[in-house]
Amino acid sequence: MAKKWVYFFGNGKADGNGKMKDVLGGKGAGLAEMTNSGVPVPPGFTISTEACNFFYDNKRKLSKEIIEQADKNLLRLEKVMNKKLGGKSDPLLVSVRSGSKFSMPGMMDTVLNLGLNDDSVKGLTEKTGNERFAYDAYRRFIQMFGNVVMGVDKEHFEHHMTEMKNKKGIKLDTELNTGDLKQLVEMYKKAYQEQTGQVFPTDPKKQLAMTRDAVFNSWNNPRAITYRKIHNIDHNLGTAVNVQAMVFGNMGNDSATGVGFTRNPSTGEKMFYGEYLINAQGEDVVAGIRTPNPIAHLEKDMPEAFKQLKAITSRLEKHYRDVQDFEFTIEKNTLYMLQTRNGKRTAFAAIKVAVDMVREKLITKEEAVLRVEPQQLDQMLHPILDPKAKIQVIAKGLNASPGAASGQVVFTAEDAVNWAKKTKTLLVRMETSPDDIHGMAVSEGILTSRGGATSHAVVVSRQMGKPCVAGCETIKVDEKNKMFSINSTTVREGDWITIDGGTGRVILGKVDTVESEIIQVLTGKLDVKQSTLFNDYKLIMSWADQIRSLKVRANADIPRDAKIARALGAEGIGLCRTEHMFFAEERLPIVQEMILADTEEDRIKALDKLLPMQKEDFKGLFREMDGYPVTIRLLDPPLHEFLPKREELMVEIAVLEATKGDINLISQKKKLLDRIQDLHEFNPMLGLRGCRLGIYYPEITRMQARAIFEAACELTKEGYKIVPEIMVPLVGIVTELKSQKELIIETAKEVTKKCGKKLTYSIGTMIELPRAAITADEIAVEAEFFSFGTNDLTQTTFGFSRDDSGKFLNYYLENGILETSPFQAIDQKGVGQLMKIGVEKGRRTRPGMKIGICGEHGGEPSSVEFCHRTGLSYVSCSPFRIPIARLAAAHGKLKDKK
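Residues numbered from 1 in each chain as written. Predicted model: local features only at pLDDT ≥ 70, side-chain atom pairs only at ≥ 80, totals over all residues. Heavy atoms only, no water.

**Student:** Explain the packing of aromatic side chains to me, please; I cannot follow it from the model alone.
**Tutor:** For any pair of aromatic rings, the description consists of the separation of the ring centres together with the inter-plane angle of the planes. Scanning all chains against the criterion turns up 23 aromatic pairs. Here F55 and Y56 contribute two aromatic rings whose centre-to-centre distance is 5.4 Å and whose plane-to-plane angle is 90°, an arrangement assigned as edge-to-face. In textbook terms, an aromatic cluster arises when at least three aromatic residues are bridged by ring pairs, as seen for F141, F145, Y192 and F200. The residue whose ring lies beneath R228 is W219, and the NZ or CZ to ring-centre distance is 3.8 Å. Positioned above the aromatic ring of W496 is the side chain of K510, whose terminal nitrogen or guanidinium carbon lies 4.4 Å from the ring centre. (Phe/Tyr/Trp six-rings, centres within 6.5 Å; stacked < 30°, edge-to-face > 60°. Lys NZ or Arg CZ within 6 Å of the ring centre and 35° of its normal.)

Written out as structure tokens, the structure is:
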């Protein structure tokens, strides 16, 4: 049996269904499912994502078999519609739209009204009795075809439209008469020929073939590639092409087009949410060229259609058991559904919708947890504007995507990318287009003067978690001169402004922020009764905690971080970096004194000064983590990091000598330089650091161990339950660990004997060298626990310096050599395999061994899920990523069940 490449839908029956997103894409699967369930959907056919992959694998050409199947389905569509594509009388016109498995709003291409030419436009006029509508459709088609298929910049068409409106003294496209539109058609055809060197094609089948290939090509346009990178979508999925009979929202005041959601995608409120335009086509709504009407007004304008739309979309939400993002057209008072898909939403909305749908018995608690993407939680922890700050509100637009953002104003996506390398930017546009995706990605927030709550800027901002104020019509944006104005106020490129996406306010200057609502509740600064958001957040996180088996700890070095970590749900500290404590202003001179000491005796004297300070550090952490484990890593970095830079010191000495400076000061600095020269290494990250420091200078390990055990003893006497875990860094040979372990145990015996208290503690190591992972069975003889230091393990596995790889890593990512940075997400094929070896070998020697991860990968969702699958006991991450890790751990467990 021949492979099926093309799937028909129409007359209440479809070849596919809603479960076939891999093959039909999200849009095609939605159209098939709606057709099968009796929803009024214009008929058509979907050319599969598999055909797209074939297209790319075969030098961007389709096979004869695929083309024949598409032609047969076109004949079937003509038969169902009783019309011929581009026929001279009553022509069939079609839309050609993209549609991948995952929604990528505006990133790929669409062409409407395909099939029009100088003959069929007359047939359309004759059939509809509406010449103005026919020529409006024709001029739209020429522009879309020219732009999408032939790459002609929209400006070559739009300037004719602008000149025509200015000449007639009108503002809206709908105010143009038939004669105006006929003139525009001729102008557009001439512009097309000037820009392409070709006459506009009149053969409808040629139009369709060229457009089909253009939509497939749009899968790999720059904005689509950028979008997939931002949202971690597989580049090999491909897009389907949906060819569908046109229905027209621009046939007069009894026609309309719109988009909507079954619930508010910004807040999650259960309300009918969306926008529409009378006498318009779909792109008019999302492009932001005309500011649309709230969908509630449709009840007054077209009551029957509104009633039917509400009933259908309510049914669709119950059927899919999720918020639906839908598109519709009303032609001559008859409603047609053009799309339904699960709606993108903010973190605030995701949590509210998930909790509400459990209460409504639409979904289970497990499904609710999966409905909230872990990375989305980052939005909820973002700072908000300080309510006490004095502000100057200069304008107000739609509160399109929540959050507060301050930045220096830029007016193009390219400028946003360039400026963002050195400062925070805020992108201001009349309206955004899909081509702005790279600029939106690097901006703190987005402000537009046009567009509604479902415009491109809003949909993309919401998905990215960026604050957005849209449709702020009181500001006049002059993109050419890089400025905007409102009344007597002018804001130019580089000026600071602030937007509040929750209220729609535009504020002059930079505004101070305060902790997010959730953080304020957790730290007792805000009464829980004043926050409805917090209760839903707390509930969804409690469900996640009930599901997950992977523990979540914090990377924290000071009591303040430990306190917030506990509030955010940390189950201990997985990494305390003791070197951070040495950089404090009053301690650094003592550390340098220790480093410059010529004898062990002098080093010990300096270390004795540091001992009480280290002890107080540890007491602070132990108090906050009462009853929870605290993993303390012994000193790790090379000693030169605590000393001035060699080159800078050489310059200082040269200047002092040239200016006949103080002899004693020069002598002192030369001694320091000599010591720095002694410590100088060509590759310090692989030099005298980690456990090698403690072996070479055992007095350092003794001081740190003493500080840990004395702190634990003193607090145990006060009634605290202390669970210290001492972690020896950069072990590659079991004898390195054995040497340090003996020293630590000896110190513990001395301290506990003196304080008269028995302490329970454990000694383990970081696995951050390939050799350590491969010989984990040997190391586990001495180590009571492992913690993967994935930052260093990634460096040593790849041979990439984390500090220097920036010179080439972006090039690798842009050119497909790497899909993601291994410093952002665990490289599961390389580093991940070493981790698996380490876990398997470690537990072979020591069954049930506690094994964690303490690099920043511990808060990255895909890495957390990998840690769950690999059988780790816990992940550890920075405090504000703890909720993300908790939720990701639950996702990992639930996906296991599938």
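**Student:** I keep staring at the environment of T46 and nothing clicks. Help me out?
**Tutor:** Tracing the backbone through its elements, the reader meets T46 in strand β3 (residues 44-47). Separated by 30 residues in the primary sequence, T46 and G16 place their C-alpha atoms 9.3 Å from one another. Excluding residues that lie within four positions of it along the chain, T46 makes contacts with W5, V6, Y7, F9, L24, G28, A240, V241 and N242. Here N242 takes part through its side chain, which lies 2.8 Å from a polar atom of the side chain of T46. (Helix = DSSP H or I, 4+ residues; strand = E, 2+ residues; numbered from the N terminus. Contact = heavy atoms within 4.5 Å. Polar contact = N/O pair within 3.5 Å; in protein donor to acceptor, adjacent residues only side chain to side chain.)

**Student:** What is the right way to look at the nonpolar core in this model?
**Tutor:** Side chains of nonpolar character tend, in soluble globular proteins, to be buried together. Counting residues in each nonpolar core, the largest one holds 126 residues, and the members touching the most others are F622 and M835. A total of 10 residues in this core trace back to one element, the largest contributor, which is helix α28 (residues 698-717). Apart from residues no more than four positions distant in its own chain, M835 is found in contact with F788, T790, L793, I826, I853, F866, C867 and L872. Membership of the second largest hydrophobic core comes to 78 residues, among which are L77, F141, I233 and F248. (Core = buried A, V, L, I, M, F, W, Y, C linked by side-chain atoms within 4.5 Å. Buried < 20%, exposed > 50% of the residue type's maximum accessible area, 1.4 Å probe, protein only.)

**Student:** What is the right way to look at the state of the cysteines in this model?
**Tutor:** Cysteine pairs can be covalently joined through their sulfur atoms, and such a bond is termed a disulfide. Here the structure, examined in full by the defined rule, presents 1 disulfide. Covalent S-S linkage joins C713 and C755, the inter-sulfur distance amounting to 2.4 Å. An S-S torsion of about -45° defines the bridge between C713 and C755 as left-handed. Here C755 lies in helix α29 (residues 734-755) and C713 lies in helix α28, a separation of 42 residues in the sequence. (Disulfide = S-S within 2.5 Å.)

**Student:** Sorry if this is basic, but what is going on with the sheet that holds strand β13 (residues 393-396) here?
**Tutor:** Think of a sheet as strands paired side by side through backbone hydrogen bonds, with each pair either parallel or antiparallel. Reading across the sheet, the 8 strands line up as β13-β23-β22-β15-β16-β17-β18-β14 and stay open at both edges, with mixed pairing between neighbours. Looking at strand neighbours, the two that pair on one side only are β13 and β14 (398-401), the edges of this open sheet. Within this sheet the neighbouring strands show an average axis-to-axis angle of 30°, counted without direction. (Pairing = 2+ DSSP bridges. Axes fitted to C-alpha atoms, helices over the stretch in contact; angles between N-to-C directions.)

**Student:** Whenever I open this one, helix α6 (residues 155-168) confuses me. Can you help?
**Tutor:** Helix length check: α6 (14 residues) gives 20 Å between terminal C-alpha atoms against 20 Å at 1.5 Å per residue, within 8%. Looking at α6, one finds that the buried residues are F157, H160, M161, M164 and K165. One face of α6 carries all of its buried residues, which in axial projection span an arc of 130°. Facing away from the buried side of α6 by over 90 degrees, the exposed positions are E163, N166 and K167. In the core, the buried residues of α6 are packed alongside α5 (131-148) and α7 (178-196). (Expected span 1.5 Å × (residues − 1). Arc of directions from axis to C-beta.)

**Student:** Would you mind showing me how to read the pairing of strand β16 (residues 425-429) here?
**Tutor:** Side-chain direction in a regular strand flips from residue to residue, so the side chains alternate between the two faces of the sheet. The buried fraction of β16 amounts to 5 of the 5 residues, a majority that puts the element mostly inside the structure. Residues T425, L427 and R429 of β16 are buried on one face, and the alternating residues L426 and V428, pointing to the opposite face, are buried as well. In this structure, strand β15 (residues 404-410) lies alongside β16, joined through 3 bridges in parallel fashion. Looking at the pairing, V409 lines up with L426 of β16.

**Student:** Looking at this structure, I do not really get the side chain of N264. What am I missing?
**Tutor:** Turning to its location among the elements, N264 is positioned in the loop between β7 (256-261) and β8 (273-278). The class for N264 is buried, based on a relative accessible area of 9%. From its side chain, N264 meets the backbone nitrogen of T267 in a polar contact 3.1 Å long. Each residue touching N264, except ones within four places of it in the same chain, is listed here: E269, M271, Y273 and A349.

**Student:** When you look at the environment of D356 in this model, what are you seeing that I'm missing?
**Tutor:** Within the element layout of this structure, D356 appears in helix α13 (residues 347-359). Each C-alpha atom of the pair D356 and G268 lies 8.9 Å from the other, and the pair is 88 residues apart in sequence.

**Student:** So what exactly am I meant to see when it comes to the packing of helix α21 (residues 559-567) against helix α24 (residues 600-624) here?
**Tutor:** The geometry of a pair of packed helices is captured by two quantities: the angle between their axes and the separation between those axes. Two numbers describe how α21 lies on α24: the axes approach to 9 Å, and their chain directions differ by 10°. Classified by the interaxial angle, the pair formed by α21 and α24 is roughly parallel. In terms of crossing hand, the pair formed by α21 and α24 is right-handed. Facing P559, A562, K563 and R566 of α21, the residues of α24 in contact are G620, L621 and E624. Grouping the amino acids of the contact of α21 with α24 by side-chain chemistry returns 3 nonpolar, 1 polar and 3 charged. (Parallel < 35°, antiparallel > 145°, perpendicular 65-115°, else oblique. Left-handed = near helix turned anticlockwise from the far one by under 90°. Nonpolar A, V, L, I, M, F, W, Y, C, P; charged D, E, K, R; others polar.)

**Student:** In this structure, what is going on with the environment of L672? I would like to understand it.
**Tutor:** In this structure, L672 sits in helix α26 (residues 663-679). Note: C-alpha distance between L672 and L596 (76 residues apart in sequence) is 7.2 Å. Not counting residues up to four positions away in its chain, the partners in contact with L672 are L596, L643, P644 and L649.

**Student:** Before we go on, may I ask you to explain the pairing of strand β32 (residues 874-877) in this structure?
**Tutor:** Residues Y874 and S876 of β32 are buried on one face, and the alternating residues V875 and C877, pointing to the opposite face, are buried as well. In terms of strand pairing, strand β25 (residues 551-555) meets β32 through 4 bridges, oriented parallel. Looking at the pairing, R553 lines up with S876 of β32. With 2 bridges joining them, strand β31 (residues 850-853) and β32 adopt parallel strand pairing. Counterpart to G852 in the pairing with β32 is Y874. As a crossover connection, the stretch from β31 through helix α35 (residues 861-870) into β32 is right-handed. (Right-handed = clockwise from strand over helix to strand, strands pointing away.)

**Student:** Which parts of the structure should I look at to understand the sheet that holds strand β10 (residues 324-331)?
**Tutor:** Strand order across the open sheet formed by 5 strands is β9-β8-β7-β10-β11, with antiparallel pairing between neighbours. Two strands lie at the open edges of the sheet, namely β9 (293-294) and β11 (334-342), each paired on one side alone. Pairing of β10 with β11 involves 8 bridges; the strand directions are antiparallel. The residue bridging E331 from the neighbouring strand is T334, located in β11.

**Student:** Got a minute to help me understand helix α2 (residues 49-57) in this structure?
**Tutor:** Note on helix geometry: an α-helix contains 3.6 residues per turn, so any two residues three or four positions apart are oriented the same way. Among all positions in α2, only T49, A51, C52 and F55 are buried. For α2, the buried positions fall inside an angular range of 155° around the axis, keeping them on one side. In this structure, the buried residues of α2 make contact with α1 (21-36), β3, α3 (64-81), α8 (204-217) and β6 (239-245). K59 sits one or two positions beyond α2 and adopts a positive phi of about 55°.

**Student:** Teacher, can you tell me more about the side chain of R139 here?
**Tutor:** Mapped onto the secondary structure, R139 falls in helix α5. Overall, R139 belongs to the buried group, its relative accessible area being 6%. Side chain to side chain, R139 and D136 meet in a polar contact 2.9 Å long. Each residue touching R139, except ones within four places of it in the same chain, is listed here: M161, D173, L181, V185 and Y188.

**Student:** What exactly am I supposed to notice about unusual backbone geometry here?
**Tutor:** With the exception of glycine, most residues fall at negative phi, and the peptide bonds are largely trans. Residue K59 is not a glycine yet carries a positive backbone phi of 55°. You can see K59 is positioned in the loop between α2 and α3. Of note, D90 is a non-glycine position whose phi angle comes to about 45°, a positive value. With respect to the secondary-structure elements, D90 resides in the loop between α3 and β4 (94-100).

**Student:** Looking at this structure, I do not really get the packing of helix α23 (residues 588-596) against α24. What am I missing?
**Tutor:** Their axes nearest at 8 Å, the elements α23 and α24 cross at an angle of 155°. Comparing their axes, α24 and α23 come out roughly antiparallel. When you trace α23 past α24, the crossing you get is left-handed. Counting all contacts with α23, which are made through I590, V591, E593 and M594, the residues of α24 involved are R603, A606, L607, K609, L610 and M613.

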